[in-house]
Every structure is written in C-alpha cells, then in structure tokens.
Amino acid sequence: MKLTTLCFLQKGNELLLAMKKRGFGMGKWNGVGGKVSEGESVEQATIRETEEELGVVIASKDLRKVADLHFKFVDKEEWNQHCSVYMTSVWKGEPAESEEMKPQWYAKDALPYETMWVDDKYWLPRVLAGEKLEAHFIFNQKGEIVGEFEIKTVS
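Now for a quick tour of the structure. (Residues numbered from 1 in each chain as written. Predicted model: local features only at pLDDT ≥ 70, side-chain atom pairs only at ≥ 80, totals over all residues. Heavy atoms only, no water.)

## Some thoughts on the overall build of the chain
So, point 1. Across its full length, the chain holds two helices and eight strands.
So, point 2. Across the chain, helices and strands are ordered from the amino to the carboxyl terminus as β-β-β-α-β-β-β-α-β-β.
So, point 3. Out of the 155 residues belonging to the chain, those deemed buried represent 46%.
So, point 4. In the chain, the proportion of contacts linking residues at least 24 apart, taken out of those at least 6 apart, comes to 64%.
So, point 5. Counting 21 positive and 26 negative side-chain charges, the chain places the centres of these two groups 1 Å from one another. (Helix = DSSP H or I, 4+ residues; strand = E, 2+ residues; numbered from the N terminus. Buried < 20%, exposed > 50% of the residue type's maximum accessible area, 1.4 Å probe, protein only. Contact = heavy atoms within 4.5 Å. Lys, Arg positive; Asp, Glu negative; His and termini not counted. Charge placed at Lys NZ, Arg CZ, Asp CG, Glu CD.)

## With respect to the packing of aromatic side chains
So, point 1. Enumeration over the complete set of coordinates arrives at 14 aromatic pairs.
So, point 2. With centroids separated by 5.2 Å and ring planes inclined at 20°, the aromatic side chains of F73 and F139 adopt a geometry described as stacked. Pair noted here: F73 is in strand β4 (residues 64-73) and F139 is in strand β7 (residues 133-139), with a separation of 66 residues, a long-range link. Of the two residues, F73 and F139, neither departs from the other in class, the shared state being buried.
So, point 3. Taken together, the aromatic side chains of F24, F71, F73, W79, W117, Y122, F137, F139 and F149 make up a single cluster linked through ring pairs.
So, point 4. Across from the ring centre of W105, 4.2 Å away, lies the NZ or CZ of K11, which sits over that ring.
So, point 5. Lying over the aromatic face of W117, K28 brings its terminal NZ or CZ to 4.9 Å of the ring centre. (Phe/Tyr/Trp six-rings, centres within 6.5 Å; stacked < 30°, edge-to-face > 60°. Lys NZ or Arg CZ within 6 Å of the ring centre and 35° of its normal.)

## Brief notes about helix α2 (residues 120-128)
So, point 1. Regarding α2, the residues found buried are D120, W123, L124 and V127. Buried residues of α2, viewed axially, fall in a sector of 100°; they line one side.
So, point 2. Just downstream of α2, G130 is the residue with a positive phi angle, here 105°. (Arc of directions from axis to C-beta.)

## Focus: the nonpolar core
So, point 1. F8, L17, L69, V85, W123 and L124 are the most contacted members of the largest nonpolar core, which has 25 residues in total.
So, point 2. Going through the elements one at a time, β1 (2-11), β2 (14-20), β4, β5 (81-88), α2 and β7 are the ones with two or more residues in this core.
So, point 3. V85 has contacts with L6, F8, R64, K65, V66, A67, L69 and W123, leaving out every residue within four places of it along the chain.
So, point 4. Listed in part, the 13 residues of the second largest apolar core include C7, L9, I47 and W91. (Core = buried A, V, L, I, M, F, W, Y, C linked by side-chain atoms within 4.5 Å.)

## Considering the side chain of T88
So, point 1. With respect to the secondary-structure elements, T88 resides in strand β5.
So, point 2. Residue T88 is classed as buried on the basis of its relative accessible area, which comes to 2%.
So, point 3. At 2.8 Å, the side chain of T88 and the backbone oxygen of D62 are in polar contact.
So, point 4. Separated by 3.1 Å, the side chain of T88 and the backbone oxygen of V90 make a polar contact.
So, point 5. Not counting chain neighbours up to four residues away, the residues in contact with T88 comprise C7, F8, L9, Q10, I58, D62 and L63. (Polar contact = N/O pair within 3.5 Å; in protein donor to acceptor, adjacent residues only side chain to side chain.)

This is how it looks when you write it as structure tokens:
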C-alpha cells in the first residue's frame, strides 16, 4: 500500500481545487499531493508536492491534518493507498498552473463534486465542517465505489 498525501488551501470561504492534467486521476478536481518518497515524512511530501504542483511554499507548522483515507482498488492492488489529508490557510506565493495541475478557487458550498473523485462528496463536507476523519473506501478500476464504505470521526 502506497503512502500518499493530499493538501487543500483555504482562503476565507473558498477552497482551492486543482484539475489533474495527466496520470492517475486525470480529469478530476482534487487537492494537490502525491506519493511519499523514500526517506521523506508525510508532511515533507505534502510540502514538496504542493510546491511542485502549485508553486506555493507551506511551512510544516501551518499544516493541519484533517483525515486519513484508505483506498483499496479490488482490480488494481498497486493503486491501493493510505492518504493523509491536510488543510492550510497560510502559504507563500500565488497558486499557479503547472504541467500537472490547473488550480481554481471554489466556494466551499459550491464544490464540483460531479467532477471529483466519487468518495469526496462523503468525507470532504464533514472535514470542511470541522470534523477530523478516518475513512475506508473500496473502488473498482473505473473509480466507482464497490460495496460499503466506512467514515468515522477521530480525535
């Protein structure tokens, strides 16, 4: 199972999403992030990925962990991942488009869930409401949720 990260920038009542332009998740709006590299902490990976994909710099002290998401793909075990999700409202620089991501601000109550990963509509509103979560989802190769999923609030 791969360790991955996801980071969302918040500004007032807005959330920054980014359109994935290539690779895994292409064509979906999401936070920014990716795989944790060998010898790298999850927070270090979050900071690195956010800088690579948006051109902004985040300090570790400004990251707030909001969720642990466990994704299992029944048809593609190599896609299985444990994703640590962070929010921040403090960064340096202006988010800019990269080769991989195209950022856009959305009102928190008007997120484009129909063009995001199907699980996002179940956990992201709860995180935005202030809950800290752990969730387990099982997907097929098409990115559809298979069977039951579990979301619980953690302290």
